[in-house]
Amino acid sequence: MSQKLVIDPVTRVEGHGKVTVHLDENNKVTDAKFHIVEFRGFERFIQGHPYWEAPVMVQRLCGICPVSHHLAAAKAIDQIVGIEPEDLSLPAQKIRKLLHFGQVFQSHALHFFYLASPDLLFGAESDPLKRNVVGVAMEYPELAKKGILMRKFGQEIIKLVAGKRIHGISTTPGGVHRRISAKERAYFLDDQEIPSIDTMIKWSVEIIEFMKTYHITNKKFLDSFAKYPSGHLGLVNKKNGFLELYDGVLRATDSKGNITLDDVSNDDYNQYFYEAVEKWSYLKFPYLKHLGKEKGWNRVGPLARINICDGIETPLAEQERLDFKAITNGNINNMTMYTHWARLIEVLYCAEMMKKLLEDDDILSNDLTRKGKRRNEGIGIIEAPRGTLIHHYEVDDKDRITRCNLIVSTTHNNEPMNQAVRWVANNVLDGQAKITEGMMNQVEVAIRAYDPCLSCATHAMGQMPLELQLFDHYGNVIDKKIKH
Amino acid sequence: MRNQSKTLIFGIGNCGRADDGLGWAFLDKIKPHLPNNYDVEYRYQLQIDDAELVAQYQTVFFIDAHKNSFEKGYLFEVCHPRATDSFTSHELDPKSVLLLTKTIYHKTPEAYLLGITGEKFCLSMGLSNIAQINLSNALDFFNEKILNLVN
């Protein structure tokens, strides 16, 4: 008798997905898939709206990373009003970057402390009643307190620039709408009301040290779990190839480090990418056209970014990058669980960059906007916390959006996450007579490394169960578990 | 009797999901009537960092949409710190937030949950007729019993 095992929804990811694992009569895995079953439709319903509404509307895609959508759309709209990223005033560039680093910092902190640390600290097969953020807080209260304050710091930066922590507004076509005041800036530097940016840097270093210690005792797990070869894609600085989150050129490598996308301009992305569709998922499968669907898919996000960049401009993060690269003798790292480590290096990079920007008097300037020659098309690409985010808009002569294409970070990671699920299915579930909760959680551990942001869902009390269903090959439910 | 302690009201929900916006709608309606010792916070979902905020208050109310039915259209109950068998940690229930406050910050504010029954949770703006009636009942209760605004 063949069976189908369903994990629906996947937990501790942003939004909800479903995993199905097909077993034959001997409990051998025959297939495994990660389905995205929520539909957003933003690309359609933004059509007809004036272009200047795009940065405000599209950030509603998400309650976790709205800043990334806001900034990617803003970069595209800048082009529509004739402003390239380098044409923005220096104060506007720096204020936008401050917002972006605050966003990535808080999002990465959220992921590590709230979502990943329970699996790392207690083990993927530990008691699920303990294996959650409350368990972490009870057992490691100082760690939890630092996690809370680091996330709060990033959110306060967002609030400073955009007016509120979620769905604020910072950008205007060709710039930003307000400067930072000296008093506002002091809040982040003087260590009075909240821990200062220097404390954030110190704690970021401490968390990486924690990860290094964890690595010593859990190397086998980190080296092997959900390891598979893949391409790696992200932005790098167009001048020196360094890590770049706000504006750069597109670079990709294969699993061995051979360049597959050679520092391509944002405006040319459409020549290189194609998006495949599968009937079992709403999420598309992007790949590099010249490599084809089977070989052209790439991981995006922290691991990919650290893999492809030539360096990091801030000293502490650069030293951590060198230590990280030394683990693989400078070669590409294809070990999924090292994504957590790479994410922490980016936490440190963001902290160092926030300090640099906060101490820069340009953010106090009133030179905030630029105007250029109106166009009918704009492309904005940014490195969101979860990876490369592409916004592409076309507008008519009446300023209405006629076409919108979004390739979000989690879309790039669609095939990598499916690969991760297949790895767990083949290496953990295959041949097992009984599937335990711990085994099921390992599927989620593999997915969670990518920090997927599937969508924000309704959450009314009492109605968001974890549903597990077991089907026979006739489609009959032979077992069902619901966890509220 | 009117509560004089420093008090926080969380409105939890997503107004783009029809009746899931009940928590926010409650705050919109109650805000003009609140005394100075009350603060309000709008949330899509509660998260771990809310534990730090909760630690700064003596009394906390959590207002959220509820899918279960109640005689008066709402549920009001005391909320105690407790580890719940929640399967997710990117949104926490009020009891878990209170437990974090107690564990990390050693504070245990008086806390209450007000769940207002909704009917529609689809992608749309605005409350259903039933949700509006339940919201009105919940507001009457809060005004009368908590704020003591009704004679």
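Residues numbered from 1 in each chain as written. Chains lettered and ligands numbered in written order. Predicted model: local features only at pLDDT ≥ 70, side-chain atom pairs only at ≥ 80, totals over all residues. Heavy atoms only, no water.

1. Here's the deal with the overall build of chain B
A tally of regular secondary structure across chain B gives four helices and five strands. Listed by position from the N terminus, the elements making up chain B come as β-α-β-α-β-β-α-β-α. For 151 residues, the compact-globule estimate of 2.2 N^0.38 gives 15 Å, and chain B sits close to it at 15 Å. Dimensions of chain B along its principal axes, counting C-alpha atoms only, are 40 × 40 × 25 Å. A total of 151 residues make up chain B; the buried ones form 58% of that total. Taking all contacts inside chain B whose residues are at least 6 apart in sequence as the whole, residues at least 24 apart take part in 76%. (Helix = DSSP H or I, 4+ residues; strand = E, 2+ residues; numbered from the N terminus. Rg over C-alpha atoms; globule rule 2.2 N^0.38 Å. Buried < 20%, exposed > 50% of the residue type's maximum accessible area, 1.4 Å probe, protein only. Contact = heavy atoms within 4.5 Å.)

2. Thoughts on the packing of aromatic side chains
Residue and element names in this part refer to chain A. Scanning the model with the defined rule gives 25 aromatic pairs over all chains in all. Pairing Phe101 with Tyr349 gives two aromatic rings, centres 5.5 Å apart and planes at 90°, and the pair type is edge-to-face. Note that Phe101 is positioned in helix 4 (residues 90-122) and Tyr349 in helix 14 (residues 338-358), a separation of 248 residues in sequence. Note on accessibility: Phe101 and Tyr349 belong to one class, buried. (Phe/Tyr/Trp six-rings, centres within 6.5 Å; stacked < 30°, edge-to-face > 60°.)

3. A short note on unusual backbone geometry
Phi is mostly negative for residues that are not glycine, and the peptide bonds are mostly trans. Positioned with a positive phi, A:Asp263 is a non-glycine residue whose angle comes to about 50°. In this fold, A:Asp263 is placed in strand 8 (residues 259-264).

4. Side note on the side chain of A:Glu275
Residues and elements named next belong to chain A. Mapped onto the fold, Glu275 is located in strand 9 (residues 273-276). Salt bridges are absent for the buried Glu275, whose nearest opposite-charge side chain, Lys284, sits at 4.2 Å. Other than its neighbours up to four places away in sequence, Glu275 contacts Lys284, Phe285, Pro286, Asn405, Leu406, Ile407 and Thr411. (Lys, Arg positive; Asp, Glu negative; His and termini not counted. Salt bridge = Lys/Arg side-chain N within 4 Å of Asp/Glu carboxyl O.)

5. What to know about the pattern of salt bridges
All names here are of chain A. All chains considered together, the criterion is met by 38 salt bridges over all chains. Note that Asp119 and Arg131 form a salt bridge whose closest N and O atoms lie 3.8 Å from each other. Taken together, the residues span a long stretch of sequence, with Asp119 in helix 4 and Arg131 in the loop between helix 4 and helix 5 (133-139) at a distance of 12 residues. An identical accessibility class is assigned to Asp119 and Arg131; each is buried. Of the charged contacts, one joins Glu278 and Lys293 as a salt bridge, the two residues approaching to 2.9 Å between their closest N and O atoms. Pair noted here: Glu278 is in the loop between strand 9 and strand 10 (285-288) and Lys293 is in helix 11 (residues 292-295), with a separation of 15 residues, a long-range link. When salt bridges that share partners are traced, they join Asp119, Arg131, Glu444 and Arg448 into one network.

6. What to know about the nonpolar core
Ranked by size, the top nonpolar core spans 148 residues in total, and within it A:Phe105, A:Phe153, A:Tyr393, A:Leu429, B:Phe10 and B:Phe62 carry the most contacts. With 16 residues, the single largest contributor to this core is helix 4 of chain A. Beyond its immediate chain neighbours, meaning those up to four positions away, A:Leu429 contacts A:Val21, A:Asn27, A:Val29, A:Val424, A:Ile435, A:Met439 and A:Val443. The next biggest cluster of nonpolar side chains, apart from the first, holds 24 residues, and it includes B:Ile30, B:Ile63, B:Leu139 and B:Phe141. (Core = buried A, V, L, I, M, F, W, Y, C linked by side-chain atoms within 4.5 Å.)

7. Some details on the domain arrangement of chain A
All names here are of chain A. Here chain A is described as being made up of domain 1 (3-39 + 415-482), domain 2 (89-226 + 338-369) and domain 3 (228-277 + 284-334). Between domain 2 and domain 3, the C-alpha centre-to-centre distance is 22 Å. Listed as interface residues are 26 residues of domain 2 and, on the opposing side, 20 residues of domain 3. Roughly 2100 Å² of surface becomes buried between domain 2 and domain 3 when both sides are summed, with 69% attributable to carbon and sulfur atoms. When the area that domain 2 buries against domain 3 is broken down by residue, the three leading residues are Ile345, Glu346 and Tyr349, summing to 28%. Seen at the junction of domain 2 and domain 3, the total is four salt bridges. Across the pair Glu320 and Lys212 runs a salt bridge, and its minimum N-O distance is 2.9 Å. Counting across the domain 2 and domain 3 interface gives nine residue pairs in polar contact (both at pLDDT 80 or more). If you list the elements that add at least two residues to the side of domain 2 that touches domain 3, you get helix 4, helix 8 (197-217) and helix 14. Here the element with the most residues in the side of domain 2 that touches domain 3 is helix 14; it accounts for 13 residues. Per-class residue counts for the side of domain 2 that touches domain 3 are 14 nonpolar, four polar and eight charged. (Domains from an automatic or database assignment. Buried area = accessible area lost by both parts, 1.4 Å probe. Polar contact = N/O pair within 3.5 Å; in protein donor to acceptor, adjacent residues only side chain to side chain. Nonpolar A, V, L, I, M, F, W, Y, C, P; charged D, E, K, R; others polar.)

8. Considerations on the packing of helix 6 (residues 141-162) of chain A against helix 7 (residues 182-189) of chain A
Each packed pair of helices is defined by two parameters, the angle between the axes and the distance between the axes. All names here are of chain A. Contact pair helix 6 / helix 7: the axes reach a minimum separation of 11 Å and the direction vectors enclose 175°. Between helix 6 and helix 7, the angle is such that the two are roughly antiparallel. Between helix 6, through Phe153, Glu156, Ile157 and Leu160, and helix 7, the contact on the second element is made entirely by Glu184, Tyr187 and Phe188. Counted by class, the contact of helix 6 with helix 7 contains five nonpolar, no polar and two charged residues. (Axes fitted to C-alpha atoms, helices over the stretch in contact; angles between N-to-C directions. Parallel < 35°, antiparallel > 145°, perpendicular 65-115°, else oblique.)

9. Some points on the environment of A:Ala317
Here A:Ala317 shows up in helix 13 (residues 315-327). Separated by 213 residues in the primary sequence, A:Ala317 and A:Val104 have C-alpha atoms spaced 15 Å apart.

10. Some points on the state of the cysteines
The full count for this structure, using the stated rule, is zero disulfides over all chains. The thiol sulfur of A:Cys350 is not disulfide-bonded, and the nearest other cysteine sulfur, from A:Cys309, lies at 13 Å. (Disulfide = S-S within 2.5 Å.)

11. Side note on the sheet that holds strand 12 (residues 377-384) of chain A
All names here are of chain A. Overall, antiparallel pairing links the three strands, which are arranged 12-13-14 in an open sheet. Both outer strands of the open sheet, strand 12 and strand 14 (401-407), are each paired with one neighbouring strand and no more. Each adjacent strand pair in this sheet contributes to an overall mean axis angle of 10°, direction not counted. In terms of strand pairing, strand 12 meets strand 13 (residues 387-395) through eight bridges, oriented antiparallel. By the bridge assignment for strand 13, Gly380 is matched with His391. Sitting on the sheet, helix 3 (residues 66-80) touches strand 12 and strand 13, and the angle it makes with strand 12 is about 150°. (Pairing = 2+ DSSP bridges.)

12. What about helix 4 (residues 129-146) of chain B?
Residues and elements named next belong to chain B. Across its 18 residues, helix 4 extends 25 Å between first and last C-alpha, which sits within 8% of the 26 Å expected from 1.5 Å per residue. Within the span of helix 4, buried status applies to Ala131, Asn134, Leu135, Ala138, Leu139, Phe141, Phe142, Asn143 and Ile146. Along its buried surface, helix 4 packs onto strand 1 (7-12), helix 1 (22-30), strand 2 (38-43), strand 3 (59-66), strand 4 (74-78) and strand 5 (110-117). A positive backbone phi angle near 60° is found at Asn148, which sits one or two residues after helix 4. (Expected span 1.5 Å × (residues − 1).)

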